[in-house]
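# Commentary on secondary and tertiary structure
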2 protein chains.
Amino acid sequence: MSLLVTGSIGIDTVETPFGKRENVIGGSAIYFSYAASFFTPVRLVGAVGEDAPGEIFKVFGDQDVDTTGLEVRKGSKTFRWHGSYVKDLNEAVSVQTDLNILAEAAPKIPEKFLDSKYIFLANTHPVLQQQMAASLKKPKLIVADTMNLWINTARPELLKTLKMIDGLVLNDGEARLLTEKKNLIEAAREVLKMGPKFVVIKKGEHGCLMCSGDHIFALPAYPADTVIDPTGAGDSFAGGMMGYLSTQGNVSMATLKRALAFGTVVASYTIADFSLGGLKATDREKIDHRWTQFKQIVDF
Amino acid sequence: MSLLVTGSIGIDTVETPFGKRENVIGGSAIYFSYAASFFTPVRLVGAVGEDAPGEIFKVFGDQDVDTTGLEVRKGSKTFRWHGSYVKDLNEAVSVQTDLNILAEAAPKIPEKFLDSKYIFLANTHPVLQQQMAASLKKPKLIVADTMNLWINTARPELLKTLKMIDGLVLNDGEARLLTEKKNLIEAAREVLKMGPKFVVIKKGEHGCLMCSGDHIFALPAYPADTVIDPTGAGDSFAGGMMGYLSTQGNVSMATLKRALAFGTVVASYTIADFSLGGLKATDREKIDHRWTQFKQIVDF
């Protein structure tokens, strides 16, 4: 079924122990869309400034991503991020962040996208997330991401967003900050009390954890021996997860588990190269093969 | 089949955010023996000083641990460790370590234990590990642990030990130090080149990783909402793993995987209380039940 994502589109400069890439296309909506498009057509909503390179419309190649909702805004500048993983491949240090267009009005969801059933609201101001959630006609599943900035500066608004969504995806540090619980199981249970039916806590190289009702699901990361650039891993994880979910027609615990494993596998491709290089080098067949391999790796 | 463990026996003082316990019985061989005894009779070899409390012989209660090899050495003092997890439940800060008897001659393996088939050489000087390994008549499986101290100060001896054993169990920091590889998959492969047929890398709250030949196995930790005192978790993990292995008659990849899951489950009891409290509160039935639950938690 139709999958809509709205999130950031950025121009990244990334340094890792394996090199540096300047002014490459990035952002949560880009990674998410590419990752999800291995499973289903994707509707992308996001905004860039006049400075965005023309190639931004070609970044998905033959992947089925509808960029009708990609707005090039006159007089605005594209979001830019300069991050470094040189000290620690598992934690980005932000050298510079220029919010630019992300600090302006949200992009408009095109009329023809308003019937979307599966929605991913990538990390942005919770009020914008609420507006977008409210504008959809009959969504089946709304999942959102968030970040420290909003937990710290827009907590009441974020709590309101949490009551409008079905699932929340966030990383371990954010879960602890949001709930003030150090233990992640306790943190996950606290998040469930705030509204969502399920919560996925991403732990980077240490895998992920999901709680829904009384159910707990835990996965290690895919044991990757090649980690070149972790940028976009979390968004690719969410993309793989939502991409698979949107093809299943139900959100049972069993389906969610398989979806998280697909997210894990897709993210393992993202980190194997800079920018979108890892995703560009894979396809659905390779993903399915690695998914089966991953199932064997964790099976006992 | 017969399982022998040799390792430290200590008197611990432990502080965690949940309280402090002074002069409680601890040490790698104690935790290992208790954990393994849920699966099989255990033969314990270790030494304490004259200062050891008499209760040390009663610490295992009704568990089947043969303490014939527990030497009370005249004129010596028991190993003592004072650790704190107050700042971070996942990393012990050693407030004080008095090696005492651990810096003296190794305990002697009783004649009647020399036919043991399954051997766990808990962390001690690699030369002592070699001596003990060499003294055994016909061991079927020798697994060892090690630590930073020996990697840094007795590397050539440790490399010799690695050629005498079948399996190595160590934590992520130790694996990186030993192999100078930051990526844990690469580190595991390097360890295999040093001799062992399999290597288990413990990652604390993040689970474990095993490599053997071209096979990889990864597990998250049991998602525990109660963590009171992590002391002994790694030794309990090894005890559960070796205890189960020694009952199976083979060391296939499938058996090893199940053994690691049992180790994970037994460790989840250890961390739920101070000292041996968590292990004393469980039994084989509860362990089996949680193992089945754990299988569901990671299954997709």
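Everything discussed here concerns the structure shown above.
For clarity, every value in this text was computed on a predicted model and none was experimentally measured.

### Some thoughts on the interface of chain B and chain A
- Taken together, the 22 residues of chain B in the interface contact 22 residues of chain A.
- Where the side of chain B that touches chain A is concerned, the elements lending two or more residues are α6 (184-193), β13 (215-219), α8 (253-270) and α10 (284-298) of chain B.
- Among the elements that line the side of chain B that touches chain A, the one with the most residues is β13 of chain B, at 4 residues.
- A per-class count over the side of chain B that touches chain A returns 14 nonpolar, 3 polar and 5 charged.

### Side note on the packing of helix α1 (residues 28-36) of chain A against helix α7 (residues 233-245) of chain A
All names here are of chain A.
- One way to put it is that α1 packs onto α7 with a least axis distance of 7 Å and a crossing angle of 40°. Between α1 and α7, the angle is such that the two are oblique. Relative to α7, α1 is oriented so that their crossing is right-handed. Contact with α1, carried on its side by Ser 28, Tyr 31, Phe 32, Ser 33, Tyr 34, Ala 35 and Ala 36, involves Asp 235, Ser 236, Ala 238, Gly 239, Gly 240, Met 242 and Gly 243 of α7 and no other residues of that element.
- Partitioning the contact of α1 with α7 into residue classes produces 7 nonpolar, 6 polar and 1 charged.

### As for the pairing of strand β8 (residues 118-121) of chain B
Residues and elements named next belong to chain B.
- Here β8 shows two buried faces, one formed by Tyr 118 and Phe 120 and the other by Ile 119 and Leu 121.
- Judged from the 4 bridges that link them, strand β1 (residues 3-6) and β8 form a sheet pairing that is parallel. Across the sheet, the residue bridging to Leu 4 is Ile 119, located in β8.
- For β8 and strand β9 (residues 141-145), the ladder comprises 4 bridges, and the chain directions are parallel. Bridge pairing links Leu 121 to Ala 144 in β9.
- Remark: the β8/helix α2 (residues 126-135)/β9 crossover connection has right-handed handedness.

### Things to note about the sheet that holds strand β1 (residues 3-6) of chain A
All names here are of chain A.
- Spatially, 9 strands are ordered β5-β4-β1-β8-β9-β10-β11-β12-β13 in an open sheet, and the strand pairing comes out mixed. The outermost strands of the open sheet, each flanked by one partner alone, are β5 (65-73) and β13 (215-219). Averaged over all pairs of adjacent strands, the angle between their axes in this sheet comes to 15°, without regard to strand direction.
- Sheet topology places strand β12 (residues 208-212) next to β13; 5 bridges connect them, and they run antiparallel. Along β13, the bridge assignment pairs Met 210 with Phe 217.
- This element, α7, spans β1, β8 (118-121), β9 (141-145), β10 (167-171) and β11 (198-202) of the sheet and lies at about 170° to β8.

### Overview of the environment of Asn 148 of chain A
Residue and element names in this part refer to chain A.
- Mapped onto the elements of the fold, Asn 148 is located in helix α3 (residues 148-153).
- A tally of 14 C-beta atoms within 10 Å means that Asn 148 is categorised as partly exposed.
- Asn 148 sits 134 residues away from Val 14 along the chain, and the two C-alpha atoms are 21 Å apart.
- When sequence neighbours within four positions are dropped, the list of residues in contact with Asn 148 reads Glu 174 and Leu 177.

Each value, and the rule that gives it
- Here, residues in each chain are numbered from 1, in the same order as that chain's written sequence.
- Chains carry letters and ligands carry numbers; both start at the beginning, A for chains and 1 for ligands, and go up in the order they are written.
- In view of the model being predicted, local features appear only for residues whose pLDDT reaches at least 70, and side-chain atom pairs are presented and counted only at 80 or more, with totals across whole chains, interfaces and linings using the full set of residues.
- Any two residues are considered in contact once their C-beta atoms, placed from the backbone, lie within 7 Å.
- Strands are runs of DSSP state E lasting at least 2 residues, helices are runs of H or I lasting at least 4, and numbering of each runs from the N terminus.
- Amino acid classes used here: Ala, Val, Leu, Ile, Met, Phe, Trp, Tyr, Cys and Pro are nonpolar; Asp, Glu, Lys and Arg are charged; the rest, including Gly, are polar.
- Working convention: axes come from line fits to C-alpha atoms, limited for helices to the stretch in contact. Angles between N-to-C directions cover 0 to 180 degrees.
- The scheme is simple: roughly parallel for angles under 35 degrees, roughly antiparallel for over 145, roughly perpendicular for 65 to 115, oblique for anything else.
- Left-handed is the label given to a crossing in which the near helix is rotated counterclockwise from the far helix by less than a right angle, and right-handed is the label when the rotation is clockwise.
- Exposure classes come from backbone-placed C-beta atoms, where a residue is buried if 20 or more other C-beta atoms lie within 10 Å of its own, exposed if 12 or fewer do, and partly exposed in between.
- Strands pair, by our definition, only if DSSP identifies at least two bridges between them.
- Convention used here: a crossover is right-handed provided that the path from the first strand, over the helix, to the second strand proceeds clockwise when the strands point away from the viewer.

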